[in-house]
Amino acid sequence: MSKITTIIGLSFAIYFLVGLATTLTRSMMIGFVDVLPVYILMVVAIVMMIYEAFFDKS
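Residues numbered from 1 in each chain as written. Predicted model: local features only at pLDDT ≥ 70, side-chain atom pairs only at ≥ 80, totals over all residues. Heavy atoms only, no water.

### With respect to the overall build of the protein chain
What counts is decided by this rule: What counts as a helix is a DSSP run of H or I of at least four residues, what counts as a strand is a run of E of at least two, and both are numbered from the N terminus. Our radius of gyration looks at C-alpha atoms and nothing else; its globule reference is 2.2 Å times the residue count to the power 0.38. The buried label applies to any residue whose accessible area, calculated with a 1.4 Å probe on protein chains only, is under 20% of its type's maximum; exposed applies above 50%, and partly exposed to all values in between. Using the Shrake-Rupley algorithm and a 1.4 Å probe, accessible areas are obtained, with residue cover drawn only from the displayed protein chains.
The helix and strand inventory of the protein chain stands at 2 helices and 0 strands. In terms of overall size, the protein chain is more extended than a compact globule, its C-alpha atoms giving a radius of gyration of 14 Å where 58 residues would be expected to give roughly 10 Å. The buried share among the 58 residues of the protein chain stands at 10%. Summing over all exposed atoms, the protein chain offers an accessible surface of approximately 4800 Å²; the carbon and sulfur share of this is 77%.

So, in structure tokens, the structure goes:
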């Protein structure tokens, strides 16, 4: 039950972060280069969440 809850929580957080990042690219005034640091931070945050949820057992 704990693993299922973790997967559901992670998927909601990942969907939120990806949606937040893709909303920025829909603007005509903001280019891809302007949003690239946001994508990099989102990937780092998602990887850290997954690592902490599944691999960090200390």
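### A look at the packing of aromatic side chains
Under the convention used in this document: Planes of paired rings set the category: under 30 degrees apart is stacked, over 60 is edge-to-face and the rest tilted, where pairs are Phe, Tyr or Trp rings (Trp by its six-membered ring) whose centres lie within 6.5 Å.
Across all of its chains, the model carries 1 aromatic pair by this definition. Ring plane angle 35° and centroid distance 6.3 Å describe the contact between Y51 and F55, whose orientation is recorded as tilted.

### A closer look at helix 2 (residues 32-54)
Defined as follows: What a helix is expected to span follows from its residue count: subtract one and scale by 1.5 Å. What makes two residues a contact is simply this: any of their non-hydrogen atoms within 4.5 Å.
Compared with the 33 Å implied by 1.5 Å per residue over 23 residues, the 32 Å span of helix 2 between its first and last C-alpha is a close match. Regarding helix 2, the residues found buried are V35, M42 and I46. On the buried face of helix 2, the contacting elements are helix 1 (2-25).

### Remarks on a nonpolar patch on the surface
Stated formally: Only residues whose relative accessible area exceeds 30% and that take part in no salt bridge are eligible for patches, with like-charged residues grouped when within 9 Å of each other and nonpolar side chains (Val, Leu, Ile, Met, Phe, Trp, Tyr) grouped when within 5 Å. Salt bridge, as applied in this entry: a Lys or Arg side-chain nitrogen positioned within 4 Å of an Asp or Glu carboxyl oxygen.
A cluster of nonpolar residues, F32, L36, I40, V44 and M48, forms a patch on the protein surface that exposes about 490 Å² of accessible area. Structurally, the position occupied by L36 is in helix 2. Looking at L36, the relative accessible area reads 36%, which means it is partly exposed.

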